[in-house]
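Letter by letter, the chains look like this.
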Amino acid sequence: MTGRFLRIFVILMLLTLATGGASLAIQGPLPGDVTITRGVQAAFGLQPSWAEWLTQTARPPLVVATIVVGAGMAWLAASWRVALAVPVAFGLAWLTDMILRAAILVPRPSPDLVAVVSASGSSGLPSTFGLTYGSIFGVAVIVVAGSRRALFMRVLALAVVVAGSSARVVLGGHWPSQMLASVLLGLLASLVACKAIGWMPVKRSDQ
């Protein structure tokens with residue numbers, strides 16, 4: 001199981017560094033960011049109510065309910081023990097967010113390129129929302145189990161993360177590449193949290 005953990009960890013880390021590193025180096029949108037953002041905004045409009053609501057679910061006090069929902073999904077996907085990894089993952093993501101925001105600054109989407117609902121001078125990388133959703137729902141995502149319920153929970157968790165990431169993009173809060181890097185970093189927090197509580201996903205052949 002340690003070998004499996006390391007493989008997943010290295011893959012997620014490399015993807016995070018590649019995406020986030022490129023965003024940090026370029027200090028602007030990566031190729032495709034502007035096109036994707038404009039396409040999402042054209043499809044959903046500039047300020048859909050669902051996007052505003054989803055954004056609030058990653059902030060106090062609604063984030064508490066989000067943690068409970070994520071823990072419930074992890075419980076259904078695996079066990080109550082796995083559910084304990086969710087608040088641990090969120091704590092790791094929160095700490096990571098504080099450290100990185102103090103160390104780096106990457107511009108958010110520019111109103112000159114795409115529609116921006118609320119301009120902000122804070123760093124667009126990492127995305128607090130992406131880290132929050134990636135860590136909270138990432139536990140259910142990384143669960144490897146043969147049951148249909150576990151598979152359903154994984155698909156549902158991924159759908160929630162995609163919907164939340166789309167909400168931030170449609171509002172012009174972050175570039176798609178910034179959301180991707182942040183979600184991957186949140187998944188890393190989930191993986192480390194699972195390891196910290198002494199649980200790791202295993203395949204049936206490993207059992």
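Thresholds, definitions, all that
- Residues numbered from 1 in each chain as written.
- Predicted model: local features only at pLDDT ≥ 70, side-chain atom pairs only at ≥ 80, totals over all residues.
- Heavy atoms only, no water.
- Helix = DSSP H or I, 4+ residues; strand = E, 2+ residues; numbered from the N terminus.
- Expected span 1.5 Å × (residues − 1).
- Buried < 20%, exposed > 50% of the residue type's maximum accessible area, 1.4 Å probe, protein only.
- Arc of directions from axis to C-beta.
- Contact = heavy atoms within 4.5 Å.
- Axes fitted to C-alpha atoms, helices over the stretch in contact; angles between N-to-C directions.
- Parallel < 35°, antiparallel > 145°, perpendicular 65-115°, else oblique.
- Left-handed = near helix turned anticlockwise from the far one by under 90°.
- Nonpolar A, V, L, I, M, F, W, Y, C, P; charged D, E, K, R; others polar.

1. Considering helix 4 (residues 62-77)
Argument step 1. Across its 16 residues, helix 4 extends 23 Å between first and last C-alpha, which sits within 8% of the 22 Å expected from 1.5 Å per residue.
Argument step 2. Within helix 4, the full set of buried residues consists of Val 63, Thr 66, Ile 67, Gly 70, Ala 71, Met 73, Ala 74 and Ala 77. Seen end-on, helix 4 carries its buried residues on one side only, within an arc spanning 160 degrees. Of the residues in helix 4, the exposed ones pointing more than 90 degrees away from the buried face are Val 64, Val 68 and Trp 75.
Argument step 3. Where helix 4 is buried, its residues meet helix 5 (80-83), helix 6 (85-103), helix 7 (128-142) and helix 8 (148-170).

2. Description of the environment of Pro 60
Argument step 1. Tracing the sequence through the fold places Pro 60 in the loop between helix 3 (49-56) and helix 4.
Argument step 2. In this structure the C-alpha to C-alpha distance between Pro 60 and Ser 147, which are 87 residues apart in sequence, comes to 34 Å.

3. Quick notes on the packing of helix 6 against helix 7
Argument step 1. The contact between helix 6 and helix 7 brings their axes to 8 Å, and the two run at 160 degrees. Between helix 6 and helix 7, the crossing angle belongs to the class labelled roughly antiparallel. Note on packing geometry: the crossing formed by helix 6 with helix 7 is right-handed. Between helix 6 and helix 7, the residues in contact are Ala 85, Val 86, Ala 89, Phe 90, Ala 93, Asp 97 and Arg 101 and Thr 128, Leu 131, Thr 132, Ser 135, Ile 136 and Val 139, respectively.
Argument step 2. Each residue belonging to the contact of helix 6 with helix 7 can be placed in one class, and the counts come to 8 nonpolar, 3 polar and 2 charged.

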